[in-house]
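Fold and contact review
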Amino acid sequence: FISISCLLFASSVAGASTTDMPIATINARKILSDSRAAKEALTKFQLDFQPKQKELQDLALALKQKSAELEKLAPGLAPSQLKTKQVEVDELNRELKRKQQQFVEDRDARKRDDIQHVFNLATQAVKTFSEGAHIEMVFQDVVYANPRTDITAKVIEVMDAQAAN
């Protein structure tokens, strides 16, 4: 019974013309790569995280240098000096790992927020465009869609126009 119902529904949908049930599709990846809002968010993201990334690189270099220095000086150091130097290296290593973990958490949270912001703008643009074009239903990231149903470029235009205002 269920398969017959599915067949009947599929044939009724297939028999409906696009004027009876206008549908469209969007490509979310394209919106995230091509829209002005996404590009601006990416640029701001990179600018905001560049100093933190540089700090981590500098800290990693300092750790590498301290480790090399310890390795070089270890044979000539007294046990107490060796232990002190090793503690310094270990503390620097822990600090680096802590800052790396914090960086990754901050970066990932910010990336999620930025993507969500762009999707919110895209959702609004889809609604705006769809209402004007009398589209009843919009699907995101479908397996296959006829290119005629793809409104991604038009949604990006609406988003960019809204961002310009």
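Keep in mind that what you see is a predicted model, and the values were worked out from it rather than measured.

The rules behind each value
- Residues numbered from 1 in each chain as written.
- Predicted model: local features only at pLDDT ≥ 70, side-chain atom pairs only at ≥ 80, totals over all residues.
- Heavy atoms only, no water.
- Helix = DSSP H or I, 4+ residues; strand = E, 2+ residues; numbered from the N terminus.
- Buried < 20%, exposed > 50% of the residue type's maximum accessible area, 1.4 Å probe, protein only.
- Contact = heavy atoms within 4.5 Å.
- Areas by Shrake-Rupley, 256 points an atom, 1.4 Å probe, with all protein chains shown as cover.
- Phe/Tyr/Trp six-rings, centres within 6.5 Å; stacked < 30°, edge-to-face > 60°.
- Lys NZ or Arg CZ within 6 Å of the ring centre and 35° of its normal.
- Core = buried A, V, L, I, M, F, W, Y, C linked by side-chain atoms within 4.5 Å.
- Axes fitted to C-alpha atoms, helices over the stretch in contact; angles between N-to-C directions.
- Parallel < 35°, antiparallel > 145°, perpendicular 65-115°, else oblique.
- Nonpolar A, V, L, I, M, F, W, Y, C, P; charged D, E, K, R; others polar.
- pLDDT = per-residue confidence, 0-100.

Let us look at the overall build of the chain. Tallying secondary structure elements over the chain gives five helices and two strands in all. From first element to last, N terminus to C terminus, the chain shows the α and β order α-β-α-α-α-β-α. Evaluated residue by residue, the chain yields a buried proportion of 21% over its 165 residues. Counted over contacts in the chain with a minimum sequence separation of 6, partners at least 24 positions apart contribute 84%. Within the structure as shown, the chain displays about 12000 Å² of accessible surface, and the carbon and sulfur contribution to it stands at 57%.

Let us now look at the environment of Lys85. Tracing the sequence through the fold places Lys85 in helix H4 (residues 79-133). For Lys85 and Leu70, which are 15 residues apart along the polypeptide, the C-alpha to C-alpha distance reads 6.7 Å. Sequence-distant contacts of Lys85, defined by excluding residues within four places in its chain, comprise Glu69, Leu70 and Leu77.

Moving on to the packing of aromatic side chains. For the coordinates displayed, the defined rule picks out two aromatic pairs. Taking 4.8 Å as the distance between ring centres and 35° as the angle between the ring planes, the aromatic pair formed by Phe45 and Phe49 counts as tilted. Of this pair, Phe45 and Phe49 both sit in helix H3 (residues 36-73), four residues apart, roughly one helical turn. Centroid distance Phe49 to Phe103: 5.8 Å. Interplanar angle 75°. Geometry classified as edge-to-face. One end of the pair, Phe49, is in helix H3; the other, Phe103, is in helix H4, with 54 residues separating them in the sequence. Here the two residues Phe49 and Phe103 agree in accessibility, since each one is buried. Clustering of aromatic rings is evident, with ring pairs tying together Phe45, Phe49 and Phe103. One cation-aromatic arrangement involves Lys52 over Phe49; the distance from NZ or CZ to the ring centre is 4.9 Å.

If you look at soluble globular proteins, the nonpolar side chains tend to sit buried side by side. One finds Ile26, Ile31, Val118, Ile151, Val155 and Met159 to be the most contacted residues of the largest nonpolar core, which totals 17 residues. At five residues, the largest contribution of residues to this core is made by H4. If sequence neighbours within four positions are ignored, Val155 has contacts with Ile26, Ile31, Ala122, Ala125 and Val126.

The next point concerns the packing of H4 against helix H5 (residues 152-164). Axis separation between H4 and H5 bottoms out at 9 Å; the angle between their running directions is 110°. Between H4 and H5, the interaxial angle falls into the category roughly perpendicular. Here Val118, Leu121, Ala122, Ala125, Val126, Thr128 and Phe129 of H4 come into contact with H5, specifically with Lys154, Val155, Val158, Met159 and Gln162. In the contact of H4 with H5, the residues fall into nine nonpolar, two polar and one charged.

Okay, the confidence of the model for the chain next. Note: predicted coordinates in regions of low pLDDT should not be interpreted at a detailed level. Averaged over all residues, the pLDDT of the chain is 88; the fraction at 70 or higher stands at 87%. Per-residue pLDDT, averaged within each element of the chain, yields its smallest value for helix H1 (residues 2-15) (41) and its largest for strand E1 (residues 23-26) (96). Segment residues 1-19: pLDDT under 50, and one contact once partners within four positions in sequence are set aside and those in other chains are kept.

Our next topic: the side chain of Thr152. Among the structural elements, Thr152 can be located in helix H5. Classification of Thr152 by relative accessible area gives buried; the value is 1%. If we ignore the near neighbours within four places in the chain, the residues touching Thr152 are Thr25, Ile26, Asn27, Lys30 and Ile31.

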